[in-house]
Amino acid sequence: MSRREPCHEEVCLTCSDEAVPVRVVRLLDAGLAVADTGRGMEEISVALVDAQVGDVVLVHAREAIAVLRGVDT
């Protein structure tokens, strides 16, 4: 069993039990992207969704699980 790094923020995308909407600001190689969480930039996986720059995606444990059309963060 692997050990998780402790969270230093009130809530973080990796440790949170709920999915949160974030905006994709840059696509990277290997199914990754940089997203604006509203509290800063985080690298996330967009391998499971068809996300583009500017899209709002629903993220759980740094994995985008849905693209939210017509939603602002």
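Residues numbered from 1 in each chain as written. Predicted model: local features only at pLDDT ≥ 70, side-chain atom pairs only at ≥ 80, totals over all residues. Heavy atoms only, no water.

### Some details on the pairing of strand β5 (residues 63-68)
Two elements, strand β4 (residues 56-60) and β5, share 5 bridges in a ladder whose sense is antiparallel. For His60, the partnering residue across the bridge sits in β5 and is Glu63. Counting the residues in the hairpin turn of β4 and β5 gives 2 residues, including Ala61, whose phi is positive at 55 degrees. (Pairing = 2+ DSSP bridges. Helix = DSSP H or I, 4+ residues; strand = E, 2+ residues; numbered from the N terminus.)

### A word on the pattern of salt bridges
The final tally for this structure, using the stated rule, is 2 salt bridges. With a shortest N-O distance of 3.1 Å, Glu42 and Arg62 are connected by a salt bridge. Residue Glu42 is located in strand β3 (residues 41-45), and its partner Arg62 is located in the loop between β4 and β5; the two are separated by 20 residues in the primary sequence. On the basis of relative accessible area, Arg62 is assigned to the partly exposed category, the value being 39%. With a closest N to O distance of 3.3 Å, Arg69 and Asp55 form a salt bridge. With Arg69 in the segment after β5 and Asp55 in the loop between β3 and β4, this pair connects stretches of sequence that are 14 residues apart. Among the residues examined, Arg69 registers a relative accessible area of 57% and is labelled exposed. What makes Asp55 buried here is its relative accessible area of 14%. (Salt bridge = Lys/Arg side-chain N within 4 Å of Asp/Glu carboxyl O. Buried < 20%, exposed > 50% of the residue type's maximum accessible area, 1.4 Å probe, protein only.)

### Looking at the environment of Gln52
Within the element layout of this structure, Gln52 appears in the loop between β3 and β4. The contacts of Gln52, once residues within four sequence positions are left out, are Val24 and Leu27. Of the polar contacts made by the side chain of Gln52, one reaches the side chain of Asp50; its length is 3.4 Å. (Contact = heavy atoms within 4.5 Å. Polar contact = N/O pair within 3.5 Å; in protein donor to acceptor, adjacent residues only side chain to side chain.)

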